[in-house]
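# Survey of secondary and tertiary structure
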Amino acid sequence: SFLISGATNGSPWTVKAIQGDKLATPSLDAKPKTIWRTPLPPNTAFFVIAPPMPQGVYNNPETRLDNQRKLFEYMLLGEASHLNSLIPLESPPEALAEKFTFFVQNQEQGSLFTDPKLVESLLSLRELLGHSPILVASPEGLSVRAQTMVFGPKILDSLIRFGELL
């Protein structure tokens, strides 16, 4: 495990790599991971960008909330209760739609994820990691989570640079 901290334009951030806890409740918190985190800028709406999920799981109004609650509890544990009111983004950016699932507070947030530099950087980070990272804006801050411990300067630098773009 390790912790790196820094600041970009006066905004502090940390990168923390965690080995995981095999005895913990089954969740992504029990698995090794690396998390880049910064305080949430004022007036930022909450969102979650997660690995791709089957569309039908979140489109059925009768089961969506329960499925989403279970997903967020598995992925995010402590932050989950703040995010249960999020809704699936109806029109995700085309370049990201097959690689990520988007949850937002309102549909207008979709425009936040169309910046070409952000899209390119997210796809590049995904390629370097070998999986889709999880992005979260919640009361705990803005975070980018790799679902593995990240080592090596190139991948760590990409994780930090991507976080700074947000």
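Just so it is clear, the structure is predicted and the values come from calculations on it, not from any experiment.

Attention now goes to the packing of helix H4 (residues 116-129) against helix H5 (residues 153-165). Following both chains from N to C, one finds H4 and H5 inclined at 155°, their axes separated by 10 Å at the closest point. In terms of orientation, H4 and H5 fall into the roughly antiparallel class. Between H4 and H5 the crossing geometry is left-handed. Residues Lys117, Leu118, Ser121, Leu122, Leu125, Leu128 and Leu129 of H4 form the contact with H5, whose participating residues are Lys154, Ile155, Ser158, Leu159, Phe162 and Leu165. Split by residue class, the contact of H4 with H5 holds 9 nonpolar, 2 polar and 2 charged.

In this structure the tally under the stated criterion is 2 aromatic pairs. Residues Phe47 and Phe113 carry aromatic rings whose centres are separated by 5.2 Å and whose planes lie at 75° to one another, so their mutual orientation is edge-to-face. Taken as a pair, Phe47 in strand E4 (residues 47-50) and Phe113 in the loop between strand E6 (101-104) and H4 lie far apart in primary sequence, 66 residues in all. Residue Phe113 is classed as buried on the basis of its relative accessible area, which comes to 5%. Their ring planes at 50° and their centres at 5.2 Å tell us that Phe102 and Phe113 sit as a pair that is tilted.

It is worth spelling out the sheet that holds strand E7 (residues 134-138) at this point. What holds strands together in a sheet is hydrogen bonding between their backbones, with the strands either parallel or antiparallel. Overall, antiparallel pairing links the 8 strands, which are arranged E1-E2-E3-E8-E7-E4-E6-E5 in an open sheet. Across the chains shown, the open sheet's two edge strands, defined by having one partner strand only, are strand E1 (2-8) and strand E5 (87-88). When E4 meets E7, the two strands line up antiparallel, connected through 3 bridges. In the sheet register, Val48 faces E7, and the bridge partner there is Val136.

This paragraph deals with the pattern of salt bridges. Counted by the stated rule, this structure contains 2 salt bridges. One salt bridge in this structure joins Arg161 and Asp157, with 3.2 Å as the shortest N-O distance. Of this pair, Arg161 and Asp157 both sit in helix H5, 4 residues apart, roughly one helical turn. A salt bridge links Arg161 to Glu164; its shortest N-O distance comes to 2.8 Å.

About the criteria used
Starting from 1, residues in each chain are numbered consecutively following that chain's sequence as written. Where local features are concerned, this predicted model is filtered to residues with pLDDT of at least 70; where side-chain atom pairs are given and counted, the filter is 80 or more; whole-chain, interface and lining totals use all residues. Neither water nor hydrogens contribute to the side-chain values; these are computed over all heavy atoms in the structure. Fitted lines through C-alpha atoms serve as axes, helices being fitted only where they are in contact, and the angles separating the N-to-C directions of these axes extend from 0 to 180 degrees. Here a strand is any run of E in DSSP of at least two residues, a helix any run of H or I of at least four, and the numbering for each starts at the N terminus. Orientation labels follow simple angle bins: below 35 degrees gives roughly parallel, above 145 gives roughly antiparallel, 65 to 115 gives roughly perpendicular, and whatever is left gives oblique. Take the far helix as the reference: if the near one is turned anticlockwise from it by less than a right angle, the crossing is left-handed, and if turned clockwise, right-handed. When checking whether two residues touch, look at their non-hydrogen atoms; a contact exists if any pair is within 4.5 Å. Ten residue types, Ala, Val, Leu, Ile, Met, Phe, Trp, Tyr, Cys and Pro, are classed as nonpolar, four, Asp, Glu, Lys and Arg, as charged, and the remainder, Gly among them, as polar. The criterion for an aromatic pair is that two Phe, Tyr or Trp rings (for Trp, the six-membered ring) have centres within 6.5 Å, with stacked assigned to planes under 30 degrees apart, edge-to-face to planes over 60 apart and tilted to the rest. Accessibility here uses a 1.4 Å probe with only protein chains present; expressed as a share of the type maximum, an area under 20% marks a residue as buried, one over 50% as exposed, and anything in between as partly exposed. The pairing criterion is simple: DSSP has to find at least two bridges between the two strands. Each salt bridge in this description consists of a side-chain nitrogen of Lys or Arg and a carboxyl oxygen of Asp or Glu lying within 4 Å of one another.

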